[in-house]
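Residue-level structural notes
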Amino acid sequence: MKKSFVFPGQGSQKVGMAEALLSIEGSRERFATASELLGRDLLAICQGESGRGDGPDDLNDTRNTQPALFVTESLLVDNLIAQGREAELLAGHSLGELVALYAAGVFDLETGLNLMKTRSELMAKAGGGAMTAVIGFDRSELTERVAASEGVHIANDNSDAQVVLSGQPDALESICSNLR
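Read on for an overview of the structure. (Residues numbered from 1 in each chain as written. Predicted model: local features only at pLDDT ≥ 70, side-chain atom pairs only at ≥ 80, totals over all residues. Heavy atoms only, no water.)

1. Regarding the sheet that holds strand 3 (residues 130–135)
Across the sheet, which stays open at both edges, the 3 strands sit in the order 3-5-4 with antiparallel pairing between neighbours. Looking at strand neighbours, the two that pair on one side only are strand 3 and strand 4 (152–159), the edges of this open sheet. For this sheet the average axis-to-axis angle between neighbouring strands, irrespective of direction, equals 20°. Sheet topology places strand 3 next to strand 5 (residues 162–167); 6 bridges connect them, and they run antiparallel. Note on strand 5: the bridge partner recorded for Thr132 is Leu165. Helix 6 (residues 139–148) contacts strand 4 and strand 5 of the sheet and is inclined by roughly 155° relative to strand 4. (Pairing = 2+ DSSP bridges. Helix = DSSP H or I, 4+ residues; strand = E, 2+ residues; numbered from the N terminus. Axes fitted to C-alpha atoms, helices over the stretch in contact; angles between N-to-C directions. Contact = heavy atoms within 4.5 Å.)

2. A look at the side chain of Asn64
Positionally, Asn64 belongs in helix 3 (residues 62–82). A polar atom in the side chain of Asn64 sits 2.6 Å from the side chain of Arg40. Of note is the side chain of Asn64, whose polar atom sits 3.0 Å from the backbone oxygen of Asp58. (Polar contact = N/O pair within 3.5 Å; in protein donor to acceptor, adjacent residues only side chain to side chain.)

3. Considerations on the packing of aromatic side chains
Tallied over the full model, the rule gives 2 aromatic pairs. With a centroid separation of 6.4 Å and an interplanar angle of 75°, the aromatic rings of Phe5 and Phe7 are classed as edge-to-face. Note on Phe7: relative accessible area 7%, which makes it buried. Between Phe70 and Tyr102, the aromatic rings sit 5.6 Å apart at their centres with planes inclined by 70°, giving edge-to-face as the arrangement. Of this pair, Phe70 sits in helix 3 while Tyr102 is found in helix 4 (residues 95–103), placing the two residues 32 residues apart along the sequence. (Phe/Tyr/Trp six-rings, centres within 6.5 Å; stacked < 30°, edge-to-face > 60°. Buried < 20%, exposed > 50% of the residue type's maximum accessible area, 1.4 Å probe, protein only.)

4. Re helix 7 (residues 169–177)
In an α-helix, one full turn covers 3.6 residues, which means residues spaced three or four apart are oriented alike. Every buried residue belonging to helix 7 is among Ala171, Leu172 and Ile175, and all of these are buried. Taken down its axis, helix 7 places every buried residue within 100° of arc, on the same side. Away from the buried face of helix 7 by more than 90 degrees, exposed residues Asp170 and Glu173 are located. (Arc of directions from axis to C-beta.)

5. Focus: the pattern of salt bridges
One pass over the full model with this rule turns up 5 salt bridges. The residue Lys117 makes a salt bridge to Glu121 at a minimum N-O spacing of 2.9 Å. Taken together, the positions of Lys117 and Glu121, both in helix 5 (residues 109–126) and 4 residues apart, correspond to about one turn of that helix. By relative accessible area, which is 31% here, Glu121 ends up partly exposed. Its salt-bridge partner being Arg139, residue Asp157 comes within 2.7 Å of it at the nearest N-O pair. Of this pair, Asp157 sits in strand 4 while Arg139 sits in helix 6; the two residues are 18 residues apart in sequence, bridging distant segments of the chain. Accessibility expressed as a relative area gives 23% for Arg139, which makes it partly exposed. (Salt bridge = Lys/Arg side-chain N within 4 Å of Asp/Glu carboxyl O.)

Pasting the structure below:
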């Protein structure tokens, strides 16, 4: 049987997601390295303990989400490999594609962290638009609302139970705030 690793992208983050990984040797050091590169405490952000006013402190801020997911997922994959659980197939969704490339040995950790920093900053600068994942909604209602809206589109149709919407922030807010 072939083993595969599949890495999720943005939207899979959760405050506290790093907690179980802190027992892995080198995990705190990896978070410290990423924090130094970013100029803010990524582990505190993952734990929901930031908010010092020294930059973006929300885990859902793309400048934090992407590096946090990369560090978390790279720790997981390195730990699996250390246990002798190497995958024959690797895949990733969006940001997860870069974690899959790291897992395949295409680039090292430092390169991956720098890619995440640059990618997240560029996405944050794109401005003028927003994206949000919608989970557990009435599909027909969502379809009707998107069709009737100006400037909102389904960016990723992941399943009948989870989609990603993109568009103008106020239009997204309007759709999401009234969606069952």
